[in-house]
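Below, each chain spelled out in residue letters.
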Amino acid sequence: MSQTLENLLREDRTFPPPASFAATANARPGIHEEAASGYLAFWRENALSRITWFKEPTEVLDDSNAPFFKWFADGELNLSYNCLDRHLAEHGDQVAYHWVGEPGDKRTLTYAEVAKEVNRLANGLRSLGLVKGDRVALYMGMIPELPIAMLACARLGLVHSAVFGGFSSEALSSRIIDASARVVITQDGAWRGGNVVPLKANTDRALEGTPTISHAIVVKRTGHDVDMVEGRDIWWSDLVEGQSEECDPVPLGAEDPLYILYTSGTTGKPKGIVHTQGGYLAGVTTTHSYVFDVKPDTDVYWCAADIGWVTGHSYIVYGPLANRTTGVIYEGAPNYPDFDRLWSIVAEYGVTIFYTAPTAIRSFMKWGDQYPAKHDLSSLRLLGTVGEPINPEAWVWYHLNIGGERCPVVDTWWQTETGCIMITPLPGVTATKPGSATFPFPGFFADVVDDAGNSVPLGGGGYLVITRPWPAMARTIYADDQRFQETYWSRFPGRYFPGDGCKRDEDGYFWLLGRVDDIMLVAGHNISTTEVESALVSHPAVAEAAVVGRRDEITGQAIAAFVTLKASVTGDDELLSTLREHVADTLGPIAKPRSIVFTADLPKTRSGKIMRRLLKDISENRQLGDVTTLANADIVSEIAEMATQSTED
Ligand code: ATP
Ligand code: MG
């Protein structure tokens, strides 16, 4: 960015916290100020009160080797103990997970049942010769065995590396090689939209080039035939057969690694992010309790992300279980067997807290209001979103159609690297504005800076930076300290640079504007793709939009838009010019798209994020970049064809 970001979007709708919610909220007014006045004391107090330590830490932050920070370094603990054992005496019969399987299967697991399964598997893993520090790859779908496997690893100090079950064998293979994993845990197959995803067959292909793997453990889920390689492959059920239901949790250092997790790959080659034990647990338990306002005795909490992403690690497994939450895990697709699948689950289980992604919300909008309207959603009391900037129109739709206008909406900004939520409203405390993630969570410190690293005054935009270390921060990129330092700590020395653009309004609210790489420079103005997309989505005909800056001799970059319409609308030339005018009216003539292409779908990562860099490649007639993390590769060539016919000024 050669100058700060233009401030184009005007959003003046404000939603104060409902009084009834505020009355019983976990978060209290003044908590931001408290944490700011004693930030290390704030984190120390949360780490001591929320975690059961085998040996309490006396140190809080060790910053002697920045950016390789340590937190609570002399403490000892075990995360599986914190997630399970300590709840058992009084709450062993409490449901940990209601699991909803795709072809109509259901399972309910109590904390005591999960603990037994974890111990049996941990004993089984030990019988294979695995020892503390060994890496275990998990290539699974959304079944209870996935959190069980994560916790069994955590019990022994094995480092898990989950690879999203929607990834190909190549993606699995490269991640196994990068982490030199010794064992992989997978399934015969996973259900998805009525079909079987052949996880074991993919694993077999991946293992052709991975010399470090000694064993593949296979969960029988679909029951279809798979090849089992003698001496290498073991059924999960055989491994745990006859294993004791007791297994002592290994005391681990707070800075021992807990897991490796690869980022979504939206911007290029995925990075193997390393998280450790103590600081991570302090971060996820504290944020989970305040951001989701969880009441362990009464709430039914559903984070509808995939466990294979960081959202699932932090807010389906570690945060919720350590906080003794009753959760829902859903195996299948949101539109199978019909578009109301999620809402029927909310009604059936009386879900009170629901957390999903903007991409899902835009799909719900596209499918139509009639689907949520068919179900009783009155049990819901809080809604959340994560993953991308949420278009204000999608926020409002969610608030009205899912939240019945009574539920606070928490738009949570964070990353694989941050480990836990970082910028978010506190429900019951923060007045929200649709499209703004509002303020840094207590104990987090962020700023918006210009090219030179100077703070941009309120009302302006620039680069988001995090100005102080935090407990759940990534410790490094696996086996690549240098890349860690270069990627996050070199752009603005002494500060963490997440790679996202951001503006603040006059009230100090943070508005995340997508990746810095996506920001356009049009006729000397820095314009965020997010704002132009939100303007397009605010038109009633539009379901989803992606915008990129394409090279242009006169203006530097020209705005190229790709638009998906609502189910009932067809795109024609008239709508095209209406939409261009609509953007000009909303944001000003400078933001008017030069071209608009109507498309049935947009290229997305497997976590559902729009991949703008591919659209940019298309717009500039370039060879397409890395598409291995793409979910819907076909659409790219389709769009490429249509882009050549798009309208120009
Ligand atoms: P890669 O780093 O490999 O390109 P990725 O950044 O998509 O992939 P994640 O760690 O899953 O991988 O995503 C974090 C990013 O998602 C953030 O940096 C930000 O760009 C975006 N994001 C997440 N939540 C929000 C939010 N509430 N508002 C705006 N953007 C968000
Ligand atoms: Mg990223």
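Below or above, wherever it landed, is the structure these notes cover. (Residues numbered from 1 in each chain as written. Chains lettered and ligands numbered in written order. Predicted model: local features only at pLDDT ≥ 70, side-chain atom pairs only at ≥ 80, totals over all residues. Heavy atoms only, no water.)

Regarding the sheet that holds strand E21 (residues 446-449)
Ordered in space as E21-E22-E24-E25, the 4 strands form an open sheet in which the pairing is antiparallel. Sheet topology places E21 and strand E25 (510-515) at the edges, where each strand pairs with a single neighbour. When strand polarity is set aside, the average angle formed by the axes of neighbouring strands in this sheet is 45°. Direction of pairing for strand E22 (residues 461-466) relative to strand E24 (residues 500-504): antiparallel, over a ladder of 3 bridges. When the bridges of E24 are listed, Gly 462 appears paired with Cys 502. (Pairing = 2+ DSSP bridges. Helix = DSSP H or I, 4+ residues; strand = E, 2+ residues; numbered from the N terminus. Axes fitted to C-alpha atoms, helices over the stretch in contact; angles between N-to-C directions.)

Points about the packing of aromatic side chains
For any two aromatic rings, the description comes down to two numbers: the centre-to-centre distance and the angle of the planes. Applying the stated criterion across every chain yields a total of 40 aromatic pairs. Seen in terms of ring centroids, Phe 364 and Trp 397 are 6.5 Å apart; in terms of plane orientation they differ by 35°. Their pairing is tilted. On the criterion of sequence distance, the pair formed by Phe 364 in helix H13 (residues 358-367) and Trp 397 in helix H15 (residues 392-402) is long-range, its members being 33 residues apart. One exposure class covers both Phe 364 and Trp 397, and it is buried. Between the aromatic rings of Trp 470 and Tyr 496, the centroid separation amounts to 5.2 Å while the plane-to-plane angle is 80°, which identifies the pairing as edge-to-face. Pair noted here: Trp 470 is in the loop between E22 and strand E23 (476-477) and Tyr 496 is in the loop between helix H16 (481-489) and E24, with a separation of 26 residues, a long-range link. (Phe/Tyr/Trp six-rings, centres within 6.5 Å; stacked < 30°, edge-to-face > 60°. Buried < 20%, exposed > 50% of the residue type's maximum accessible area, 1.4 Å probe, protein only.)

Side note on the nonpolar core
If you look at the biggest cluster of nonpolar residues, it comprises 117 residues, and the most contacted ones within it are Leu 125, Ile 185, Trp 236, Phe 292 and Tyr 318. Each residue touching Tyr 318, except ones within four places of it in the same chain, is listed here: Leu 79, Cys 83, Met 150, Leu 151, Ala 154, His 160, Leu 258, Tyr 259, Tyr 280, Leu 281, Val 284 and His 313. (Core = buried A, V, L, I, M, F, W, Y, C linked by side-chain atoms within 4.5 Å. Contact = heavy atoms within 4.5 Å.)

As for the sheet that holds strand E17 (residues 326-330)
The strand order across the open sheet built from 7 strands is E5-E4-E17-E16-E18-E19-E20, with neighbouring strands paired in mixed fashion. Of all strands in the sheet, those bounded by a partner on one side alone are strand E5 (106-110) and strand E20 (409-411). Across the sheet, the axes of successive neighbouring strands diverge by a mean angle of 15°, strand direction being ignored. The pairing of strand E19 (residues 382-385) with E20 spans 3 bridges and is parallel. Residue pairing in the sheet places Leu 383 in a bridge with Val 409 of E20. Packed onto the sheet, helix H11 (residues 310-322) meets strand E4 (95-100), strand E16 (300-303), E17 and strand E18 (353-356) and runs at close to 160° relative to E16. On top of the sheet, H15 reaches E18, E19 and E20; it is set at about 150° to E19, its chief contact.

Comments concerning the side chain of Thr 430
Topologically, Thr 430 is positioned in the loop between E20 and E21. Note on Thr 430: relative accessible area 9%, which makes it buried. Only 2.8 Å separates the side chain of Thr 430 from the backbone nitrogen of Leu 426, close enough to count as a polar contact. (Polar contact = N/O pair within 3.5 Å; in protein donor to acceptor, adjacent residues only side chain to side chain.)

Some thoughts on the pairing of E17
For E17, the buried fraction is high: 5 of the 5 residues fall into the buried class. Side chains Thr 326, Val 328 and Tyr 330 project from E17 onto one buried face, and the interleaved Gly 327 and Ile 329 project onto a second face that is buried too. Where E4 and E17 come together, 4 bridges link them in parallel fashion. Residue pairing in the sheet places Tyr 97 in a bridge with Gly 327 of E17. Alignment of E16 against E17, held across 2 bridges, turns out to be parallel. If you follow Tyr 301 over to E17, its bridge partner there is Gly 327. A crossover connection joins E16 to the parallel E17 through H11; in handedness this β-α-β unit is right-handed. (Right-handed = clockwise from strand over helix to strand, strands pointing away.)

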